[in-house]
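# Inside the fold
Residue-level listing of the chains:
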Amino acid sequence: MTKEATQDLQTAPVKRRGRPSKSSVDLPTQSLPQHRDESGNLQTVGIGGLETQRVYHGNFIEMVSQLPDQSVDIIIADPPYNASKGNELTMQYGTLPGFGGSWRKIAQVWDDMSLHDYLAFTLSWLTEARRVLKPTGSMWVHGTYHSAGVTNVAMQMLEVEIINEIVWYKRNSFPNLAGRRLTASHETILWAHRGGKRAYRFNYEHSKFGDFSDDDLKSPGKQMRTVWDLPNNKPRHEQAHGKHPAQKPVRLAKRFIELSAGPGDLCLVPFAGSGSECVAAQEAGLHFIGFDTDESYVEIARARLSRGAK
Ligand SMILES: C[S@@+](CC[C@H](N)C(=O)[O-])C[C@H]1O[C@@H](n2cnc3c(N)ncnc32)[C@H](O)[C@@H]1O
């Protein structure tokens, strides 16, 4: 890392030492009103300067400042993996050193940063995520070998405690055509709470006895393990309004919600893309607020959400 880069990083909003103060942990947390429309969908509620049941077109790091401290129950974050290098993008940062194989580079400008910028970006959004998360809340953060290490380091710098690292095994992953390395067949998910006193919600009974019959690695009545075998295929209706190059299946976000939240909770989706995590929240009876900087994805998300909960 260059000297300039190190200096820039030092200006990033990092809480370096010390536990969260007792008062910040003990602030009372409030539930939102749960009025429902005729279809059973939660009605919009104002919170800070924002409204629930909406996907906003804008930068999460800037817009989330309108949300009060400790107001969110669950954050589901699928940030850019910083895996796009080359193709129609500039080669300013060259190729992706140390990575390759069958990884599908999605060639999006929002996914193409220097390593230094990516760490600063991760620290910035995680700082805000930690600020708005209730002591009882959870955050779930997607990653791959391109990005999960950076997220892990950033969480440790911010004293966000990682509860579990989950391997999402993708049984239908694309083979490594060149035969130069193993077939990449998993992604990493970090489950974390804001740090300090452990008060996060864990629906343990459900994790053990719930219906996870789509997961070949989950035995009924046994504790859930940290390797999940969930198909990555998307039913046709999940892509009926357009596709996103990094779209996740709704079933994945549903599992996060089932494990750590409940109906009426507020779910924050910093990087909404085509809205998969917002749809999961809507279908599970949660309030949600999403953001995306790309208007075309916001349109897809809004169209999906307008179908209402099933
Ligand atoms: C990995 S994708 C999310 C895909 C989503 N999980 C889905 O199923 O469609 C990341 C998204 O973050 C958006 N993005 C990048 N930087 C952002 C920022 N600062 N604030 C909000 N959205 C951002 C991109 O436009 C992209 O759609």
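Figured I'd write up the structure that's included with this text. (Residues numbered from 1 in each chain as written. Predicted model: local features only at pLDDT ≥ 70, side-chain atom pairs only at ≥ 80, totals over all residues. Heavy atoms only, no water.)

## Focus on the site of the ligand
In the vicinity of the ligand lie 23 residues, with Asp78, His244, Ser274, Ser276 and Asp292 positioned nearest. In the environment of the ligand, an oxygen atom lies 2.8 Å from a nitrogen or oxygen atom belonging to the side chain of His244. Between an oxygen atom of the ligand and a main-chain N or O atom of Lys248, the distance comes to 2.9 Å. In the shell around the ligand, the residues fall into ten nonpolar, eight polar and five charged. (Near = heavy atom within 4 Å. Polar contact = N/O pair within 3.5 Å; in protein donor to acceptor, adjacent residues only side chain to side chain. Nonpolar A, V, L, I, M, F, W, Y, C, P; charged D, E, K, R; others polar.)

## Focus: helix H5 (residues 148-158)
Among all positions of H5, only Ala148, Val150, Thr151, Ala154, Met155 and Leu158 are buried. Taken around the axis of H5, the buried residues stretch over an arc of 155°, which confines them to a single face. Backbone geometry just downstream of H5 places Glu159 in the positive-phi region, at approximately 60°. (Buried < 20%, exposed > 50% of the residue type's maximum accessible area, 1.4 Å probe, protein only. Helix = DSSP H or I, 4+ residues; strand = E, 2+ residues; numbered from the N terminus. Arc of directions from axis to C-beta.)

## Some thoughts on the packing of helix H4 (residues 115-132) against H5
Taken N-terminus to C-terminus, the directions of H4 and H5 make an angle of 50°; their axes are 9 Å apart at the nearest point. Of the possible angle classes, the one that applies to H4 and H5 is oblique. Pair H4 / H5 crosses with right-handed handedness. For the pair H4 and H5, the contacting residues are Leu115, Tyr118, Leu119, Thr122, Leu123, Leu126, Thr127 and Arg130 in the first and Val150, Thr151, Ala154, Met155, Met157 and Leu158 in the second. Of the residues contributing to the contact of H4 with H5, the split by class is ten nonpolar, three polar and one charged. (Axes fitted to C-alpha atoms, helices over the stretch in contact; angles between N-to-C directions. Parallel < 35°, antiparallel > 145°, perpendicular 65-115°, else oblique. Left-handed = near helix turned anticlockwise from the far one by under 90°. Contact = heavy atoms within 4.5 Å.)

## Observations concerning the pairing of strand E10 (residues 287-292)
Along a regular strand, successive side chains alternate from one face of the sheet to the other. Judged by how many residues are buried, E10 sits mostly within the fold: six of six residues are covered. Burial of the side chains of E10 extends over both faces: His287, Ile289 and Phe291 are buried on one face and Phe288, Gly290 and Asp292 on the other. As paired strands, strand E3 (residues 54-57) and E10 are joined by four bridges and run parallel to one another. What sits directly across from Val55, in E10, is Gly290. In this structure, strand E9 (residues 266-269) lies alongside E10, joined through four bridges in parallel fashion. Opposite Cys267, over in E10, you have Phe288 as the bridge partner. Between E9 and its parallel partner E10, the chain crosses via helix H8 (residues 276-283), and the hand of that crossover is right-handed. (Pairing = 2+ DSSP bridges. Right-handed = clockwise from strand over helix to strand, strands pointing away.)

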